[in-house]
Amino acid sequence: MKVIRLHSPAKINLGLWVGRKRADGYHELVTIMVPLEFGDRVRLEKTRSGICVKTTGINLNIPERANLAYRAAGLFFTATGITGGCKIFIDKNIPPGGGLGGGSSNAATVLLGLNYLFDHPLNLTQLNQLARELGSDVPFFLQPKPCVARGRGEKLRPITLPALRIVLYYPGFGISTRWAYDRLDRLKKKLTTWRFCPKIIALKLRRKEPAGLAELIRNSFETVVFRRYPELAKIKKQLLESGMVAAGLTGSGSTVYGLQYATDPMAEWLHSGSPWIITRYRPSTLSGAGTTL
Ligand code: C5P
């Protein structure tokens, strides 16, 4: 096989607790990561040599070599010793800097796709090692299913969630993850004063007990991001007032999401189209990274 087309899903963080800064500069965290139907399309083509990345759709405005997909391909060829090359075409829908994991998802998809095209030279443990080198969120996208993530974000444990409808509000600008962590560090206030309980959140969602969910699904970054961008706090409030079972920032922003059960009637005001995206998490027929299109 010479060409493969893959779905590269976005994700949201259903709550995110940031703890202490570690000796390696990363922060301890606990979060629930949920893959979405919404995502990018990636096409990979085997070539004799070299790596080339072309994107359509949303313009990333970054040099080709800075693209995480390019770096993923480079790591793959170095780790396997394969002398071939590839062309990577990405049809971008996931806005960059939105906390939706677009770059990480593309990188994981490239690792999976190249491994397939070159007849599986790497096993999952080896792919996981490369994914960790690329970024804290990349391992999740190797097998995108709802997970509790701990550590740097790479220690993953699957959890069961029901089908969900997810409304995304992307404000048209991205937020730097590093900036958000720096601002959190500067806050003298202890960040660990509340407990994040992923199992209770998942249980309440499965049992359809929405009472209290909005208070349980918290995100440490909201303190610093909502202070800087009060309009995002307003969106969260509006989403909750409109009857969503939970709403909040995904990752370090900038996207704010609202959450409903997939079986809930769709609110009249819900219309897909900038700045709104309506998508789903579907447990059974999930198309994740590595799913051929
Ligand atoms: O791992 P990744 O490259 O995605 O992380 C981007 C930046 O976010 C890191 O350089 C670090 O400053 C910060 N980060 C962190 N703790 C984490 C994950 C990311 O401090 N658990």
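Residues numbered from 1 in each chain as written. Predicted model: local features only at pLDDT ≥ 70, side-chain atom pairs only at ≥ 80, totals over all residues. Heavy atoms only, no water.

K.L.:
Explain the domain arrangement of the protein to me, using residue names and the numbers behind them.
P.N.:
For the protein, the domain assignment lists domain 1 (3-159) and domain 2 (164-281). Using only C-alpha atoms to locate each centre, domain 1 and domain 2 end up separated by 23 Å. Counting residues at the interface gives 30 residues for domain 1 and 33 residues for domain 2. With both sides pooled, the region where domain 1 packs onto domain 2 buries about 2500 Å², and carbon together with sulfur makes up 67% of that total. It is L14, W17 and V18 that lose the most area in domain 1 upon contact with domain 2, and together they represent 22% of the buried surface on that side. Taken together, the links from domain 1 to domain 2 amount to two salt bridges. The salt bridge involving R280 is made with E37; its shortest N-O contact spans 3.3 Å. Remark: the boundary between domain 1 and domain 2 carries 17 residue pairs in polar contact (both at pLDDT 80 or more). Listed by contribution, the elements that provide at least two residues to the side of domain 1 that touches domain 2 are β1 (3-21), β2 (27-47) and β5 (147-150). For the side of domain 1 that touches domain 2, the class distribution of residues is 18 nonpolar, eight polar and four charged. (Domains from an automatic or database assignment. Contact = heavy atoms within 4.5 Å. Buried area = accessible area lost by both parts, 1.4 Å probe. Salt bridge = Lys/Arg side-chain N within 4 Å of Asp/Glu carboxyl O. Polar contact = N/O pair within 3.5 Å; in protein donor to acceptor, adjacent residues only side chain to side chain. Helix = DSSP H or I, 4+ residues; strand = E, 2+ residues; numbered from the N terminus. Nonpolar A, V, L, I, M, F, W, Y, C, P; charged D, E, K, R; others polar.)

K.L.:
Pulling in residues and values, what's your account of the state of the cysteines?
P.N.:
Under the definition given, this model contains zero disulfides. As a non-bridged cysteine, C52 has C86 as the owner of its nearest cysteine sulfur, 8.3 Å distant. No disulfide involves C197; its sulfur sits 18 Å from that of C147, the nearest cysteine. Judged by its relative accessible area of 17%, C197 is buried. (Disulfide = S-S within 2.5 Å. Buried < 20%, exposed > 50% of the residue type's maximum accessible area, 1.4 Å probe, protein only.)

K.L.:
I'd like to hear about the pattern of salt bridges, residue by residue, with values.
P.N.:
Overall, the coordinates contain 13 salt bridges when judged by the stated rule. Linking E241 and K237 is a salt bridge whose minimum nitrogen-to-oxygen distance equals 3.3 Å. Placement of the pair is E241 and K237 together in helix α9 (residues 230-241), with a separation of four residues, close to one helical turn. Judged by its relative accessible area of 59%, E241 falls in the exposed class. One continuous salt-bridge network, built from bridges that share partners, spans R20, R22, D24 and E28.

K.L.:
Explain the environment of Q260 to me, and be specific about the residues and the numbers.
P.N.:
As for its position among the elements, Q260 is in strand β9 (residues 256-261). Look at Q260 and you get buried, because its relative accessible area is 6%. It is 9.5 Å that separates the C-alpha atoms of Q260 and P210, two residues lying 50 residues apart in sequence. Ignoring any residue separated from it by four or fewer positions in sequence, one finds Q260 in contact with L164, R165, M244, V245, P265 and L270. At a separation of 2.7 Å, a polar atom in the side chain of Q260 contacts the side chain of R165.

K.L.:
Give a description of the site of the ligand that names residues and reports values.
P.N.:
As a matter of local geometry, the ligand sits amid G25, Y26, H27, L29, G135, S136, R152, T177, R178 and Y181. Within the side chain of H27, an N or O atom sits 2.6 Å from an oxygen atom of the ligand. Note that an oxygen atom of the ligand is positioned 2.6 Å from one of the side-chain N or O atoms of S136. Where the shell around the ligand is concerned, the elements lending two or more residues are β2 and α5 (177-186). (Near = heavy atom within 4 Å.)

K.L.:
I'd like to hear about the nonpolar core, residue by residue, with values.
P.N.:
Nonpolar side chains in soluble globular proteins generally cluster together in the buried interior. With 37 residues, the main nonpolar core has L44, I88, L111 and L114 as its most contacted residues. The element contributing the most residues to this core is helix α1 (residues 68-80), with eight residues. Ignoring any residue separated from it by four or fewer positions in sequence, one finds L111 in contact with A72, F76, L127, L130, A131, L134 and L142. Of all hydrophobic cores here, the second largest spans 31 residues; its members include V148, L161, I201 and L205. (Core = buried A, V, L, I, M, F, W, Y, C linked by side-chain atoms within 4.5 Å.)

K.L.:
Provide a residue-level description of the sheet that holds strand β8 (residues 246-249), including the pertinent values.
P.N.:
Across a sheet, paired strands are connected by hydrogen bonds in the backbone, their directions being either parallel or antiparallel. Read from one edge to the other, the open sheet built from four strands follows the order β8-β9-β7-β10, with strand pairing classed as antiparallel. Strand pairing shows two members of the sheet lacking a second neighbour, β8 and β10 (276-281), which therefore form its edges. Here the average twist between neighbouring strands, direction ignored, is 20 degrees. Bridge count for β8 against β9 is four bridges, and the pairing is antiparallel. (Pairing = 2+ DSSP bridges. Axes fitted to C-alpha atoms, helices over the stretch in contact; angles between N-to-C directions.)

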